[in-house]
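Notes for the structure review
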Amino acid sequence: MKKVLLAVLAVAAVSAVSAQDRDIQALYKKSCYACHAFGANGAPKTGAVDQWAPRMEKGMETLVTHVKDGFNTMPPKGLCFDCSDAEYKALIELMAAPQ
Ligand code: HEC
């Protein structure tokens, strides 16, 4: 009986991870994408590693804080009002990576 429960938990854990992977793309499309896909208002462009490098040097914690509080013309929360810190981090990593 215990084995069955463990198997169920393992399956649930695996599907939670893949669901989160899908979510990040979806979250990106309906929030950060609006400005970062095209570099609107001087936003570092998604996939432009050279534009993201000086930002990444500030450290992930600072960047997540800047997303939550807003940063110059970047609006607070970047249009994702229910994103968690972990999701902001994943979104930043997605945009800073070569596409
Ligand atoms: C309405 C447009 C807009 C949206 C939507 C937006 N951004 Fe931005 N973002 C900007 C602009 C413009 C800048 C550049 C600000 C500057 O450097 O003056 C920026 C900068 C940033 C930076 C760099 C901050 C720093 O300290 O250098 C990060 C990280 C970032 N955005 C993450 C995100 C994330 C994550 C999302 C989605 C949840 C998002 N942005 C959505 C416009 C936007």
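The notes below deal with the structure included here. (Residues numbered from 1 in each chain as written. Predicted model: local features only at pLDDT ≥ 70, side-chain atom pairs only at ≥ 80, totals over all residues. Heavy atoms only, no water.)

All right, on to the coordination of the iron atom of the ligand then. Any two of four tetrahedral donors ideally make an angle of 109.5 degrees at the metal, while pairs among six octahedral donors ideally make 90 or 180 degrees. Only His36 (NE2) and Met74 (SD) from the protein coordinate the iron atom of the ligand, and they sit 2.0 Å from it. Here the iron atom of the ligand binds 6 donor atoms, and the angle range of 85 to 179 degrees at the metal identifies the geometry as octahedral. Taken together, the residues His36 in helix H2 (residues 33-36) and Met74 in the loop between helix H4 (60-69) and helix H5 (85-96) connect sequence positions 38 residues apart. When its relative accessible area of 22% is taken as the criterion, Met74 is described as partly exposed. (Donors = N, O, S within 2.8 Å, 3.2 Å for Na, K, Ca; no water. Tetrahedral: all angles 85-135°; square planar, octahedral: opposite > 155°, others 65-115°. Helix = DSSP H or I, 4+ residues; strand = E, 2+ residues; numbered from the N terminus. Buried < 20%, exposed > 50% of the residue type's maximum accessible area, 1.4 Å probe, protein only.)

For the rest of this paragraph, the subject is the packing of H4 against H5. Between H4 and H5, the shortest axis-to-axis distance is 10 Å and the interhelical angle comes to 105 degrees. Taken together, H4 and H5 sit at an angle that is classed as roughly perpendicular. Across the interface between the two elements, Met60, Leu63, Val64, Val67 and Lys68 of H4 pack against Asp85, Tyr88, Lys89, Ile92 and Glu93 of H5. Along the lines of polarity and charge, the residues of the contact of H4 with H5 split into 6 nonpolar, no polar and 4 charged. (Axes fitted to C-alpha atoms, helices over the stretch in contact; angles between N-to-C directions. Parallel < 35°, antiparallel > 145°, perpendicular 65-115°, else oblique. Contact = heavy atoms within 4.5 Å. Nonpolar A, V, L, I, M, F, W, Y, C, P; charged D, E, K, R; others polar.)

Looking now at the environment of Pro76. Within the secondary structure layout, Pro76 lies in the loop between H4 and H5. Taking the relative accessible area as the measure of exposure, Pro76 reaches 46% and is therefore partly exposed. The sequence separation of Pro76 and Thr65 amounts to 11 residues, and the corresponding C-alpha distance is 9.5 Å.

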